[in-house]
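Read off the chains here:
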Amino acid sequence: LDFATVYTVAFFAVNSGKKRMRDKMQEGKPMRILAVDYGDARTGLAICDRGELLASPIGVFHSGDREAVIEEITRQMAEQKAELVVVGNPLNMNGTAGPRSELCHALADDLAEKLPCPVRMWDERSTTVTATQYLNMTDVRGKKRKNTIDAVAATIILESYLAYRKNHPGED
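As the structure is a computational prediction, the values presented were derived from the model and not from experiment.

Caption draft 1: Here's a closer look at the pattern of salt bridges. According to the stated counting rule, one finds nine salt bridges in the structure shown. Between Arg50 and Glu83 there is a salt bridge whose closest N-O contact spans 2.5 Å. A residue pair is termed long-range when its members are at least 10 positions apart, and Arg50 in the loop between strand 2 (42-48) and strand 3 (55-62) and Glu83 in the loop between helix 3 (66-80) and strand 4 (84-89) qualify at 33 residues. Owing to a relative accessible area of 43%, Arg50 belongs among the partly exposed residues under this scheme. Notably, a salt bridge pairs Arg75 with Glu72, separated by 2.9 Å at the nearest N-O pair. Of this pair, Arg75 and Glu72 both sit in helix 3, three residues apart, which is roughly one turn of that helix. Classification of Arg75 as partly exposed rests on a relative accessible area of 40%.

Structure (structure tokens):
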């Protein structure tokens, strides 16, 4: 994975015991947030800085095994010191939840049981299309594209969530 390329492209572009985290979110205090673009074979991950100003890709985890994905997200959450995990919700264009959305909800439910921080779902409609457009603009093609598109999509999900938090403080 070529981190410089992923970073350049990205630049363009609830459980009991968690009361402290929930209170912090409700107060709108900035925190490190981990975003997840969950896929059948690849899962993209992105993180923001504590000031919630810059979303950056972490990379792509290559596995179709849901338990392995949960373990990797758990590891990244701890390593990155994330205080919230946002899972992309691939709703249909008409706003309804399809089979892919149900899989993402199940992943988010499993994460919420396992992680010591809150887990939120976030609308990710068209993020892969947007990520593809970014990669086209930067002339990233072939295998390199396949290895970066999910991390770019996770970064776009996170940027969208950060924009919402900035414009709607305390409404999480």
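From this point, things continue past the structure.
Caption draft 2: Highlighting the sheet that holds strand 1 (residues 33-37). Strand order in the open sheet made by the five strands is 3-2-1-4-5, with mixed pairing throughout. The sheet is open, and its two edges are formed by strand 3 and strand 5 (119-123), each paired on a single side. With strand direction ignored, the average angle separating the axes of adjacent strands in the sheet is 25°. Along the sheet face, helix 6 (residues 142-167) touches strand 1, strand 2, strand 3, strand 4 and strand 5 and points at about 40° away from the line of strand 2.

What counts, and at which threshold
Residues numbered from 1 in each chain as written. Predicted model: local features only at pLDDT ≥ 70, side-chain atom pairs only at ≥ 80, totals over all residues. Heavy atoms only, no water. Salt bridge = Lys/Arg side-chain N within 4 Å of Asp/Glu carboxyl O. Helix = DSSP H or I, 4+ residues; strand = E, 2+ residues; numbered from the N terminus. Buried < 20%, exposed > 50% of the residue type's maximum accessible area, 1.4 Å probe, protein only. Pairing = 2+ DSSP bridges. Axes fitted to C-alpha atoms, helices over the stretch in contact; angles between N-to-C directions. Contact = heavy atoms within 4.5 Å.

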